[in-house]
Amino acid sequence: MDTIADGVAGRFPIAAVLDDLLQVADHAVLVREASIVTGMRMLLEHAGLVVEPSAALGIAAILEDPDRFADRHVVTIICGGNVDLDAYHRWVAR
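To start, this report covers the structure provided alongside it.

The rules we used
- Residues numbered from 1 in each chain as written.
- Predicted model: local features only at pLDDT ≥ 70, side-chain atom pairs only at ≥ 80, totals over all residues.
- Heavy atoms only, no water.
- Axes fitted to C-alpha atoms, helices over the stretch in contact; angles between N-to-C directions.
- Helix = DSSP H or I, 4+ residues; strand = E, 2+ residues; numbered from the N terminus.
- Parallel < 35°, antiparallel > 145°, perpendicular 65-115°, else oblique.
- Left-handed = near helix turned anticlockwise from the far one by under 90°.
- Contact = heavy atoms within 4.5 Å.
- Nonpolar A, V, L, I, M, F, W, Y, C, P; charged D, E, K, R; others polar.
- Salt bridge = Lys/Arg side-chain N within 4 Å of Asp/Glu carboxyl O.
- Buried < 20%, exposed > 50% of the residue type's maximum accessible area, 1.4 Å probe, protein only.

**Structural notes on the packing of helix 2 (residues 33-47) against helix 3 (residues 57-64)**
Angle between the axes and distance between the axes are the two parameters that describe a pair of packed helices. As a packed pair, helix 2 and helix 3 sit with axes 8 Å apart at the nearest point and diverge in direction by 110°. With respect to each other, helix 2 and helix 3 are oriented roughly perpendicular. For the pair helix 2 and helix 3, the crossing hand works out as right-handed. Contact residues: helix 2 offers Ser-35, Ile-36, Thr-38, Gly-39, Met-42 and Leu-43, while helix 3 offers Leu-57, Ile-59, Ala-60, Leu-63 and Glu-64. Of the residues assigned to the contact of helix 2 with helix 3, the class counts are seven nonpolar, three polar and one charged.

Here's what the structure looks like:
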C-alpha cells in the first residue's frame, strides 16, 4: 500500500491474522491521506502530541464521517512514536 500510515499498510495478507481480525472487527473504514494529516495536526495543536500517521487514523475517520459518531461515546487509541520528523514537518506544516 502506498500511504503515509505505513504502520498499518499491509504488505501481504497473513491468513491467521485475517482470521483473528474477522473475529473481533465489525467494520473497517478507509480514510484519505489529507484526513490523516489533519488528524495529526489536530493532535499537535489541541493535545500537544506528535504522532505517527497510523496513530491519527481514528481521528481521520471521525473527521470524514462525523455523523456516524455523533451523540455517541467514541474512543480511539492514539499510539505510535515512530515519527520521521522531517516527513512530519512536511505533512503538518502549513
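**Here we look at the pattern of salt bridges**
Evaluation of the coordinates by the stated rule reveals one salt bridge. Linking Arg-32 and Glu-64 is a salt bridge whose minimum nitrogen-to-oxygen distance equals 3.4 Å. Of this pair, Arg-32 sits in the loop between helix 1 (15-24) and helix 2 while Glu-64 sits in helix 3, and the two are 32 residues apart along the sequence. Take Arg-32: its relative accessible area is 53%, and that puts it in the exposed class. The exposure class assigned to Glu-64 is partly exposed, which follows from its relative accessible area of 28%.

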